[in-house]
Amino acid sequence: MTAAAISIALCRSRPCIPPVPSCFRFAIQWVPRTHKATKQPASTMDTTNSRVVGASGEREPPQPISSDGALPVVASGETVITEGRASIVYPDANQVFYNPVQEFNRDLTCAVITEFAREQLIAKGIQIEVPGEETTNRVVVDLSEENTDAGETADALQAEAIEPSDSEDPRPSCTEATTVENKREMRTTKVEEKCEGGLRILEGLSASGLRSIRFAKEIPGIERIVANDFSQQAVELIKRNIEANQVQHLVFPSYADARMLMHQTCRRKERYDVIDLDPYGSPAQFIDAAVQAVSEGGLLCVTCTDMAVMAGNSGETCYSKYGSVSIKARFCHEMALRIILHSLDLRANCYQRYIEPLLSISADFYIRVFVRVHTSQARVKNSASKQALVYHCVGCGTFHLQRMGKATSQGKNMKYSAATGPPIGPSCEYCGQRHQMGGPVWAEAIHNTEFVQKVLSAVSTNPQRFKTSSRIQGMLSMVTEELPDVPLYYTLDNLSGIIHCSTPPLLQMRSAFLHAGFRVSLSHACKNALKTDAPPGVVWDIMRCWEKKNPVKKEKLSVTSPSYHILSCEPVLQACFDIRDDANPKSRKQHLKRFQENPEANWGPKARAKVGGGIAIPTEEKRKLLQNKRKGRNEEPKEMKNYPCKKFKQGNCTLGEKCLYSHDNPDKNQAEKEEPQ
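**Student:** Teacher, can you tell me more about the environment of Val 552 here?
**Tutor:** Among the structural elements, Val 552 can be located in the loop between helix 17 (536–549) and helix 18 (562–567). Judged by its relative accessible area of 18%, Val 552 is buried. Taking the C-alpha atoms as reference points, Val 552 and Cys 501, separated by 51 residues in sequence, lie 6.1 Å from one another. Those residues within four positions of Val 552 in sequence are excluded, and the remaining contacts are Ile 499, His 500, Cys 501, Glu 547 and Leu 567.

Written out as structure tokens, the structure reads:
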């Protein structure tokens, strides 16, 4: 038998990997205080070497998590959290940060890194096996330059290997010997196995180490994972969780500043294949080091939770962190994605590197981007033409993009020049209002549709792998349906609100753009979004036609309002609102989970971890304490007499009895209190 027949026989005889059992799904167990009932001293934690210390003072090894899903026994005041195939010990005190809302983030990251590992390792002759995926009959890939005919099936290859022809020379030729040698280099790796030549992963801010442990137990083809944190309590907890999950051969804890750790690995041979940054707040301070420490073609995963800054509440702060001015607009969530992509590309350009976005999503209260980083001095010159300024009308919400540079192809060469503009006048041509200018932002595609399709296919065929698989399928399905070359979007409620008419149905609005000959899609970042390549004039013509079917009282409109200016013009394009068959996207027809409702109250960001621990005030109680705090002062001015007046103490208060603060001499009152009775 030849090497091809042997490989096929091995693939067929390989047992299927069972699906992930239900006991690995997300669960939280509160540990009861059993030590008081038996009157035995509770176990303590020796933070010097992360060992459990018993009552006798002798160090005992931590109890590992068994393969059947049994949870370890922990001390009182601790919680066992099970997510995916990992179970970690988490202290009840707020010493180490953990947010269960981010489970979708972690599940999606595992799915993306798995497909990235599949692409990267197949070129090295390494094939990965994912838990839950059905083992199919695979033909070993020929790594030599002279490949066999792609049309031959596995059965034909096996028959040819078993029954060779009489005229065939039994001695292999030089080419055949090379082919057999290359075929033998193809090896298979599974989860929780150390793969030589596999991925090297860095989690810069690991906290409890849950994400790194999940990488080790759920992603095959990993050589080394560094779980780093700059908190001593977090590092001790990481050590404990690593030993409990029995992944010491893959995950290595690190206590260091993430920036210094990445700067120390900027050499080509020491770079990481995957870097994951999920900080509390902004990742701006880590971006410069991250784009240097990731390997050539490596994967950079970045999370931003400072959405208030990136959505336009503080444009000057956004510029200081990301080099871009954010503006308040309906498309703020997609603009936030493009701002972080612009910042990543800008930092990478300083080192002759550029980014390739694979997937960019906006979910819950954060945004998450997955980009590959490449090195090319020539292609870095294209970066100027990939950035754009955004002109946004404050009246009608119309937006225009102005590219920062211009790249023209001249045969095999590229000519670069400054862009021409601006694309608009001093005021909006539709409503007469002024424009806001934001950016620069990333103006190219924010997804790689081919890569997203691979991730979606893997999750769809193995839905039991993640608890949030249904949401991942819905989110990625919408991503594949988005128009890749159309930045930003309109919203139906805003378009109808500008002209004060009823909101048109989604299918009728999409059909109107399709009848007019333009493309249209939804957006994963907003439920009522419409992305279209139609110019703003066509958008308002369609809205004028809709207003004629659903008229408004124009006599009540103000002459200076945007609605009056827009409706005073007759539409040039006559829109047709007949519903088309292709107006309803597939993700909507299949009723996929596209926009998940919050499963519980206060579903959002959690309090920052404290160095010394301590229980954080619940969100509801904190909200009640801060509610109407200013109204209380105005409604009950007599209570303000308990506070001394600063101006009276300086001799500048002229209000006298009308002053809300006390005019008593604080020194005199203090002296009276200190007098002996």
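**Student:** Hey, could you run me through the packing of aromatic side chains in this one?
**Tutor:** The relation between two aromatic rings is expressed through the spacing of the ring centres and the mutual angle of the planes. Taken as a whole and judged by the stated rule, the model has five aromatic pairs. An angle of 70° between the planes, with centres 5.2 Å apart, marks the rings of Phe 331 and Phe 399 as edge-to-face. Here the residue Phe 331 occupies a position in the loop between helix 11 (315–322) and helix 12 (332–349), and Phe 399 occupies one in strand 17 (residues 399–403), the gap between them amounting to 68 residues. Each member of the pair, Phe 331 as well as Phe 399, is classed as buried. For the ring pair Phe 365 and Tyr 366, a centre distance of 5.4 Å and an interplane angle of 75° mean the geometry is edge-to-face. Members of the aromatic cluster, each reached through a chain of ring pairs, are Phe 331, Phe 399 and Tyr 490. A cation over an aromatic ring shows up here: Arg 224 above the ring of Phe 252, its NZ or CZ 4.2 Å from the ring centre.

**Student:** What should I look at first to understand the pattern of salt bridges in this one?
**Tutor:** If the charged atoms of two oppositely charged side chains come close together, the side chains can form a pair. Throughout the structure, instances matching the rule amount to 26 salt bridges. A salt bridge links Asp 257 to Arg 259; its shortest N-O distance comes to 3.0 Å. Residue Asp 257 is classed as buried on the basis of its relative accessible area, which comes to 17%. Of the charged contacts in the structure, one is a salt bridge between Arg 338 and Glu 334, with a shortest N-O distance of 3.0 Å. A residue pair is termed a helical-turn pair when its members lie 3 or 4 positions apart in one helix, as Arg 338 and Glu 334 do in helix 12 at four residues. Each member of the pair, Arg 338 as well as Glu 334, carries the same accessibility label: buried.

**Student:** Quick question: what am I supposed to make of the sheet that holds strand 17 here?
**Tutor:** Two strands in a sheet stick together by hydrogen bonds in their backbones, pointing the same way (parallel) or opposite ways (antiparallel). If you walk across this open sheet you meet the three strands as 17-16-20, and the pairing is antiparallel. Two strands lie at the open edges of the sheet, namely strand 17 and strand 20 (435–442), each paired on one side alone. In this sheet, adjacent strand axes meet at a mean angle of 25° when their direction is disregarded. Where strand 16 (residues 387–393) and strand 20 come together, six bridges link them in antiparallel fashion. Bridged to Tyr 391 within strand 20 is Met 437. Together, strand 16 and strand 20 form the strand contacts of helix 12, whose direction differs from that of strand 20 by roughly 50°.

**Student:** Would you mind going over the nonpolar core with me for this structure?
**Tutor:** Nonpolar side chains tend toward joint burial in soluble globular proteins. One finds Met 262, Ile 275, Leu 300, Phe 331, Ile 340, Leu 344 and Trp 540 to be the most contacted residues of the largest nonpolar core, which totals 83 residues. Sort the elements by how many residues they give to this core and helix 12 lands first, with eight residues. Those residues within four positions of Leu 300 in sequence are excluded, and the remaining contacts are Ile 275, Ala 290, Val 291, Leu 344, Val 369, Phe 370, Val 371 and Val 373. If you look at the next biggest cluster of nonpolar residues, it comprises 53 residues, including Val 101, Leu 108, Phe 116 and Ile 361.

**Student:** Please explain helix 13 (residues 449–461) as it appears in this structure.
**Tutor:** Given 3.6 residues to a turn, an α-helix orients residues that are three or four positions apart in the same direction. Compared with an ideal rise of 1.5 Å per residue, which puts 13 residues at 18 Å, helix 13 spans 18 Å between its outermost C-alpha atoms and is within 8% of the ideal. All of the buried residues in helix 13 are Phe 451, Val 452, Val 455, Leu 456, Ala 458 and Val 459. An end-on view of helix 13 places all buried positions within 160° of arc, on one side of the element. Facing away from the buried side of helix 13 by more than 90 degrees, the exposed set consists of Glu 450 and Thr 461. Lining the buried residues of helix 13 we find helix 3 (103–122), strand 14 (353–363) and helix 14 (469–481).

**Student:** Help me out: how do you make sense of the pairing of strand 22 (residues 520–523) in this one?
**Tutor:** On a regular strand, each side chain points to the face opposite its neighbour's, so the side chains alternate between the two faces of the sheet. Sheet topology places strand 22 next to strand 23 (residues 526–532); three bridges connect them, and they run antiparallel. What sits directly across from Ser 521, in strand 23, is Lys 531. Where strand 22 hands over to strand 23, the hairpin turn is made up of two residues, counted between the paired strands.

**Student:** Help me understand the side chain of Arg 106 in this model?
**Tutor:** Mapped onto the fold, Arg 106 is located in helix 3. The exposure class assigned to Arg 106 is buried, which follows from its relative accessible area of 8%. Within the structure, Arg 106 has its side chain in polar contact with the side chain of Glu 83 (distance 2.6 Å).

**Student:** Can you help me understand the sheet that holds strand 9 (residues 194–203) in this one?
**Tutor:** Spatially, the seven strands line up as an open sheet ordered 11-10-9-12-13-15-14, and their pairing is mixed. Each having just a single partner strand, strand 11 (251–255) and strand 14 make up the two edges of the open sheet. Neighbour-to-neighbour, the strand axes of the sheet open up by a mean angle of 20°, direction not taken into account.

**Student:** Is there a simple way to think about a nonpolar patch on the surface in this case?
**Tutor:** Taken together, the side chains of Tyr 643, Leu 660 and Tyr 661 present a nonpolar region at the surface, about 310 Å² in accessible area. Residue position: Tyr 661 is located in the loop between helix 22 (646–650) and helix 23 (666–674).

**Student:** Help me out: how do you make sense of the packing of helix 3 against helix 14 in this one?
**Tutor:** When two helices pack together, their arrangement is given by the angle between the helix axes and by the axis-to-axis distance. Relative to each other, helix 3 and helix 14 sit at 70°, their axes nearing to 10 Å. When the interaxial angle is binned, helix 3 and helix 14 end up roughly perpendicular. Where helix 3 abuts helix 14, its residues Phe 104, Asp 107 and Leu 108 lie against Arg 471, Ile 472, Met 475 and Leu 476. Here the contact of helix 3 with helix 14 is built from residues that sort into five nonpolar, no polar and two charged.

**Student:** Sorry if this is basic, but what is going on with helix 16 (residues 506–515) here?
**Tutor:** Most of helix 16 sits inside the fold, with seven of its 10 residues counted as buried. The set of residues buried in helix 16 consists of Leu 506, Met 509, Arg 510, Ser 511, Ala 512, Phe 513 and Leu 514. Considering only its buried residues, helix 16 is in contact with helix 15 (492–498), strand 22, strand 23, helix 17 and helix 19 (586–589).

**Student:** So what exactly am I meant to see when it comes to the confidence of the model for the chain here?
**Tutor:** The predicted coordinates of low-pLDDT regions are not to be read in fine detail. For the chain, mean pLDDT is 79; residues scoring 70 or higher make up 72% of the total. Taken as a whole, residues 1–64 scores under 50 in pLDDT and shows 113 contacts with residues more than four places along the chain or in a different chain. Segment residues 136–184: pLDDT under 50, and 36 contacts once partners within four positions in sequence are set aside and those in other chains are kept.

Reading the values: the criteria
- Residues numbered from 1 in each chain as written.
- Predicted model: local features only at pLDDT ≥ 70, side-chain atom pairs only at ≥ 80, totals over all residues.
- Heavy atoms only, no water.
- Helix = DSSP H or I, 4+ residues; strand = E, 2+ residues; numbered from the N terminus.
- Buried < 20%, exposed > 50% of the residue type's maximum accessible area, 1.4 Å probe, protein only.
- Contact = heavy atoms within 4.5 Å.
- Phe/Tyr/Trp six-rings, centres within 6.5 Å; stacked < 30°, edge-to-face > 60°.
- Lys NZ or Arg CZ within 6 Å of the ring centre and 35° of its normal.
- Salt bridge = Lys/Arg side-chain N within 4 Å of Asp/Glu carboxyl O.
- Pairing = 2+ DSSP bridges.
- Axes fitted to C-alpha atoms, helices over the stretch in contact; angles between N-to-C directions.
- Core = buried A, V, L, I, M, F, W, Y, C linked by side-chain atoms within 4.5 Å.
- Expected span 1.5 Å × (residues − 1).
- Arc of directions from axis to C-beta.
- Polar contact = N/O pair within 3.5 Å; in protein donor to acceptor, adjacent residues only side chain to side chain.
- Patch = residues over 30% accessible without salt bridge, like charges linked within 9 Å, V, L, I, M, F, W, Y side chains within 5 Å.
- Areas by Shrake-Rupley, 256 points an atom, 1.4 Å probe, with all protein chains shown as cover.
- Parallel < 35°, antiparallel > 145°, perpendicular 65-115°, else oblique.
- Nonpolar A, V, L, I, M, F, W, Y, C, P; charged D, E, K, R; others polar.
- pLDDT = per-residue confidence, 0-100.

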